[in-house]
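# Structure at a glance
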Amino acid sequence: MTALWVLAEQRRGLLQPVSLEILGRGRELADRHGLLLEAVLLGNGVETLAEDLFAAGAEAVYLADHPLLADYSADAYAAVLEQLVREHRPDILLLGHTAVGRDLAPVVAARLETGLSAHVTGLEIDERGLLRQIVPAWGGRGMCAILCPQARPQMATVRPGVLPRPLLQPGRTGRLVRVEVALDLAAIRTRLLDFVPQETAAQPLTEAEVVVAGGAGLGDREGWHLVERLAEVLGAAVGGTRPPLDQGWIGEGQMIGQSGVTVRPRLYIGIGISGEMQHTVGIRDAGVVVAINCDPRARIFQEADFGIVGDAREVVPLLIAALEGETRG
Amino acid sequence: MEIVVCVKPVPDPRQWSKISLDPQTKVLRREGVEMVINPLDRHALEAALQIRQSLGGRVRVLSMAPLSTLEVLRETLALGADEAVLLSDRAFAGSDTLATVRVLAAGIRRWGIRPDLVLCGAESADGSTGQVGPQLAVLLGIASLSYVCGLEEVTPERVIARWQMEEGYARVEVCLPAVLTLTRACNRPRGITMLGVVQARGKPLSVWTAADLGIDPSQVGLSGSPTQMGDLWMPESGRRQEILPGKPEEAVQALLERLRELAVLPERPGRKR
Ligand SMILES: Cc1cc2nc3c(=O)[nH]c(=O)nc-3n(C[C@H](O)[C@H](O)[C@H](O)COP(=O)(O)OP(=O)(O)OC[C@H]3O[C@@H](n4cnc5c(N)ncnc54)[C@H](O)[C@@H]3O)c2cc1C
Ligand SMILES: Nc1ncnc2c1ncn2[C@@H]1O[C@H](COP(=O)(O)O)[C@@H](O)[C@H]1O
């Protein structure tokens, strides 16, 4: 039986949620198409995580536990993955499109001389048994299916927050395969020195149930303050487009879209945002989308459920007042 | 320092609204969309020029693209690159990232240099795979680090780079030679000057074909690409697209009604749950 492999990415002993998301989808594909679902876990002292991987549906976990795998380096991680793939020949190898995944996957694919697609938002298996890797094209204006007909494994990095999180079934078990690895410090050419965290927003954007996002249309810091106040009243997380990032109104992790994060709140309110596709790809999975923009032809209205045509400086204070009145009353 | 900057000409992302998909023929229509230097590659070039300024050396620009983009490359010379080569051949058409890096690596071999540093954009506006840099490193047998958002220290032996991660950045020591792919946070690219344009005329700008590179055509282009593009489609937004009419007060009230009906407003606004 051919196998679908998922790299279970952990950082400091914590599994990245996207790894579980991929396992969830992998489980569905494996059940429907008769594949084995197996995870690969690299790190140092991370054996206990295997339980979570079994609970998410993995039938086997290949565990490479080594001091030189404690911190990520493309050289060490790619060497181990290449060795494992050459030995076990999985048909499919999936990684999360995280900082680590997007750095590691291309190196592994080149070493194996196989194909790789990035930013994948959907995975299907076609009638020939080939993996259809759905990716946004043209900055999100279109969608495209990528195939890898001959080379193996078929590789893809999957966007975090797009696939649904699976229900974990604690107590489900599987096969734990400990892997011998020989790593040489001298062959590792990048070294992690330290980590500098970013000021984090009060609420993680990717988890938020309500998101208020602003764009260039807010004009200045004072205008931007409206976004923050509305978010406060709603208990929402704050996001934005690229101009606010350039202006320093938001941090790197708060930009929504193609080069930023994907959000999937119940409610998204976009203010002073034109609705370029590079932004709206990041809100495809939002429940209800509201747009406030003074230009009736702004593209955001085509991507919105409800729109108010008007000046943010007028509309947003009214909205804040109405919501505040509601809590009081 | 021998520095190579990989530059990809892309359809101007600011004009993408002009791109449409012909519903009948399923062919992408992009008339009137100009080709420009991939925005992030400007940051890669800027970093290269700054490093040359402090450490000396040569900045070479390498690009695989159709012949019609030669003028785009001339711009990199005007910005300050010492030399540019366009790798162009029918045989390269349809290359995916692996086939592309085979061509780029062959270009570097043909120069007969061992670059200390290869700089790329973190991703291209149209492909946006972010794969070309790291894969080129594999073919060149050197180190790589992608999505670099700052360069703290560059010496002929090593770079201390800021590696963009989800919740911040890591400082990473990279042994040279290496490929780094850069985000826009690295620097502010300079603009073009008249003097630069004049000086560019005297700089070498060459075109090399598959034959010049001695490349096996089956290894590049569509036939050398492990991945294939399947169908392409433009999804409908699937949204209600309801504009709420009336004065701002009325529109706001109508909005709140809709949101209440759909039960998407937090039950206790203002309080985290
Ligand atoms: C490769 C690439 C990747 C990118 N990735 C991303 C990404 O991940 N995320 C992202 O967001 N962008 C990204 N961009 C940028 C993107 O193309 C757009 O430029 C950006 O999203 C536009 O931001 P905006 O809507 O805030 O600004 P603008 O397009 O300038 O729109 C401002 C809007 O505000 C409205 N407005 C003005 N004044 C008012 C007012 N008083 N009240 C109400 N409305 C007002 C205007 O009508 C206009 O529609 C990327 C670009 C490229 C090339
Ligand atoms: N055809 C090409 N010619 C030269 N450089 C390229 C080419 N394609 C990609 N690159 C480089 O690789 C980076 C990432 O591109 P991509 O992998 O397509 O996202 C770009 O910013 C360029 O620096």
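As the structure is a prediction and not an experimental result, all values here were calculated from the model. (Residues numbered from 1 in each chain as written. Chains lettered and ligands numbered in written order. Predicted model: local features only at pLDDT ≥ 70, side-chain atom pairs only at ≥ 80, totals over all residues. Heavy atoms only, no water.)

Ordered by their spatial adjacency, 6 strands build an open sheet running S15(A)-S14(A)-S16(A)-S17(A)-S18(A)-S15(B), and the pairing between neighbours is parallel. At either end of the open sheet lies a strand with only one pairing partner, and these are strand S15 (237-240) of chain A together with strand S15 (242-243) of chain B. As paired elements, strand S14 (residues 210-214) of chain A and S15(A) share 4 bridges and run parallel to each other. Bridge assignment links A:Val212 to a residue of S15(A), and that residue is A:Val238. Across the face of the sheet, helix H7 (residues 248-261) of chain B comes into contact with strand S16 (267-271), strand S17 (288-293) and strand S18 (306-309) of chain A together with S15 of chain B while running at roughly 170° to S18(A). (Pairing = 2+ DSSP bridges. Helix = DSSP H or I, 4+ residues; strand = E, 2+ residues; numbered from the N terminus. Contact = heavy atoms within 4.5 Å. Axes fitted to C-alpha atoms, helices over the stretch in contact; angles between N-to-C directions.)

Residue and element names in this part refer to chain B. Where helix H3 (residues 97-111) contacts helix H4 (residues 132-140), the two axes come as close as 9 Å, and the packing angle between them is 55°. Relative to H4, the element H3 lies oblique. Here the hand of the crossing between H3 and H4 comes out right-handed. In this structure, H3 uses Thr-97, Leu-98, Thr-100, Val-101, Arg-102, Leu-104, Ala-105 and Ile-108 to contact H4, whose residues at the interface are Val-132, Gln-135, Leu-136, Leu-139 and Leu-140. The class makeup of the residues in the contact of H3 with H4 is 9 nonpolar, 3 polar and 1 charged. (Parallel < 35°, antiparallel > 145°, perpendicular 65-115°, else oblique. Left-handed = near helix turned anticlockwise from the far one by under 90°. Nonpolar A, V, L, I, M, F, W, Y, C, P; charged D, E, K, R; others polar.)

Residue and element names in this part refer to chain B. Ligand 2 sits among 19 residues. The nearest are Cys-6, Asp-41, Ser-124, Thr-129 and Gly-130. Contacts to ligand 2 include Met-64, whose backbone N or O atom sits 2.8 Å from a nitrogen atom. With respect to ligand 2, the backbone of Val-132 contributes an N or O atom lying 3.1 Å from an oxygen atom. Broken down by secondary-structure element, the contributors of at least two residues to the shell around ligand 2 are strand S6 (58-64), H3 and strand S8 (117-121). Residue contributions to the shell around ligand 2 peak at 3 residues, all from S6. Class assignment for the residues of the shell around ligand 2 results in 7 nonpolar, 9 polar and 3 charged. (Near = heavy atom within 4 Å. Polar contact = N/O pair within 3.5 Å; in protein donor to acceptor, adjacent residues only side chain to side chain.)

The next point concerns the packing of helix H4 (residues 99-112) of chain A against H4(B). Running from N to C, H4(A) and H4(B) cross one another at 40°; their axes reach a closest spacing of 8 Å. Here H4(A) is positioned oblique relative to H4(B), judged by the angle of their axes. Seen from above, H4(A) lies across H4(B) with right-handed handedness. Residues A:Asp103, A:Pro106, A:Val107, A:Ala109, A:Ala110 and A:Arg111 of H4(A) pack against B:Pro134, B:Gln135 and B:Val138 of H4(B). Residue classes in the contact of H4(A) with H4(B) are distributed as 6 nonpolar, 1 polar and 2 charged.

The antiparallel open sheet is built from 4 strands, whose spatial order is S8(A)-S9(A)-S10(A)-S14(B). Pairing within the sheet leaves two strands with one partner each, and these edge strands are strand S8 (122-125) of chain A together with strand S14 (228-233) of chain B. Each strand axis lies, on average, 30° off the axis of its neighbour in the sheet, ignoring direction. Relative to S8(A), helix H1 (residues 17-33) of chain A is tilted by about 10°, and along the sheet it contacts S8 and strand S9 (131-137) of chain A.

Attention now goes to the packing of aromatic side chains. By the definition in use, this model includes 5 aromatic pairs over all chains. Centre to centre, the rings of A:Trp5 and A:Tyr62 are 5.0 Å apart; their planes meet at 40°, and the pair counts as tilted. Pair noted here: A:Trp5 is in strand S1 (residues 3-8) and A:Tyr62 is in strand S5 (residues 60-65), with a separation of 57 residues, a long-range link. Looking at A:Trp5, the relative accessible area reads 0%, which means it is buried. With 5.5 Å between their ring centres and 20° between their planes, A:Tyr72 and B:Trp163 make a pair best called stacked. Taken together, the residues A:Tyr72 in the loop between S5 and helix H3 (74-88) and B:Trp163 in strand S10 (residues 158-165) connect one chain to another. Comparing A:Tyr72 with B:Trp163, the two get one shared label, buried. An aromatic cluster of three or more residues is present, and its members are A:Tyr72, A:Tyr77 and B:Trp163. Note that B:Arg110 overlies the ring of B:Trp208, its terminal NZ or CZ placed 4.6 Å from the centroid. (Phe/Tyr/Trp six-rings, centres within 6.5 Å; stacked < 30°, edge-to-face > 60°. Buried < 20%, exposed > 50% of the residue type's maximum accessible area, 1.4 Å probe, protein only. Lys NZ or Arg CZ within 6 Å of the ring centre and 35° of its normal.)

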